[in-house]
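Descriptive analysis of the structure
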Amino acid sequence: MSDRPYSRKLIIDSIRDYTAQLIEEGLEGLPAPPVVPARPATSAVPTSTPAAAIAPPAGANELSTLYPGLGETADLTALRSFIGQCQRCKLHSGRTHLVFGIGDPRARLMFVGEAPGADEDAQGEPFVGRAGQLLTDIIERGMHLKRSEVYICNVIKCRPPGNRNPESDEVAACQPFLWRQIALVKPEVIVGLGTFAVHALLATKTPIGKLRGHWQRVQGVPMMPTFHPAYLLRNPADKRLVWADIQEVMRALGLDSAGRPSA
Ligand code: SF4
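Residues numbered from 1 in each chain as written. Predicted model: local features only at pLDDT ≥ 70, side-chain atom pairs only at ≥ 80, totals over all residues.

1. A short note on the sheet that holds strand 5 (residues 216-218)
- The strand order across the open sheet formed by six strands is 1-3-2-4-6-5, and the pairing between neighbours is mixed. With one partner strand each, in any of the chains shown, strand 1 (102-103) and strand 5 form the two edges of the open sheet.
- As paired strands, strand 4 (residues 189-193) and strand 6 (residues 221-226) are joined by four bridges and run parallel to one another. Bridge pairing in strand 6 links Gly 192 to Pro 225.
- Helix 7 (residues 194-202) contacts strand 2 (109-113), strand 4, strand 5 and strand 6 of the sheet and is inclined by roughly 130 degrees relative to strand 4. (Pairing = 2+ DSSP bridges. Helix = DSSP H or I, 4+ residues; strand = E, 2+ residues; numbered from the N terminus. Contact = placed C-beta atoms within 7 Å. Axes fitted to C-alpha atoms, helices over the stretch in contact; angles between N-to-C directions.)

What follows is the structure, encoded as structure tokens:
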């Protein structure tokens, strides 16, 4: 009907954005409906797992056994060739480009996001949409580094349809490539961007709101969890929290607020 004030697509997009915001803010699930369970309810996922108690993810070598030869790729070019026109999970069927990663192959700093969105899928480069521009601003105007000086990639290399969250089988299929990227780049510091990436990196469900600002370790590399730039576009007031996290990262890299080596 033409007199409807909102289109179905607009409503669905709004619900999706709002749900993503709630997840980013730490929502772990919806309240159970008031029905009598068939058996006593089991304990829920802890909501306050201390950072130190987070189980580390499986080692790179262990994961590389999924794909014989992956652990022997000598550099990022060889790794990209190894991945090829990957069909190891169902996401291959909807992609335009496989989004591998970009930046300095010897970068001291690596940013890891979730998965390509529409802009990234179209261009074959991570973080190029509005959220990507904000990440570039954080790197270049905030840290006084060049985007080309850092390394940027995602946990998942192909765009999930409709920007839905990646599913567990897709993470299991694709994450070994990220572990190899980390092993080859050997960054001194990783920044985990947003709920999904941080949860995948740490194998935890602890809300990002509790994790951000606290150092973790991924494959032996210090990792600072922080909010995703897309979240900041919806919640600009939280930019100050991300800036605090980025200043911690700069200190860890031995950089002052102007991006120069600190005395
Ligand atoms: S998401 Fe990863 S595992 Fe799946 S097809 Fe793409 S590159 Fe392969």
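2. Some points on the site of the ligand
- The full set close to the ligand counts 14 residues, and Cys 86, Cys 89, His 92, Cys 158 and Cys 174 are the nearest of them.
- It is helix 6 (residues 168-185) that provides the largest number of residues to the shell around the ligand, a total of three residues.
- Partitioning the shell around the ligand into residue classes produces nine nonpolar, two polar and three charged. (Near = placed C-beta within 6 Å. Nonpolar A, V, L, I, M, F, W, Y, C, P; charged D, E, K, R; others polar.)

3. Things to note about the nonpolar core
- If you look at the biggest cluster of nonpolar residues, it comprises 50 residues, and the most contacted ones within it are Met 110, Phe 111, Val 112, Val 155, Ala 197 and Leu 201.
- Top contributing element to this core by residue count: helix 6, with seven residues. (Core = buried A, V, L, I, M, F, W, Y, C linked by C-beta atoms within 7 Å. Buried ≥ 20, exposed ≤ 12 C-beta atoms within 10 Å, placed from the backbone.)

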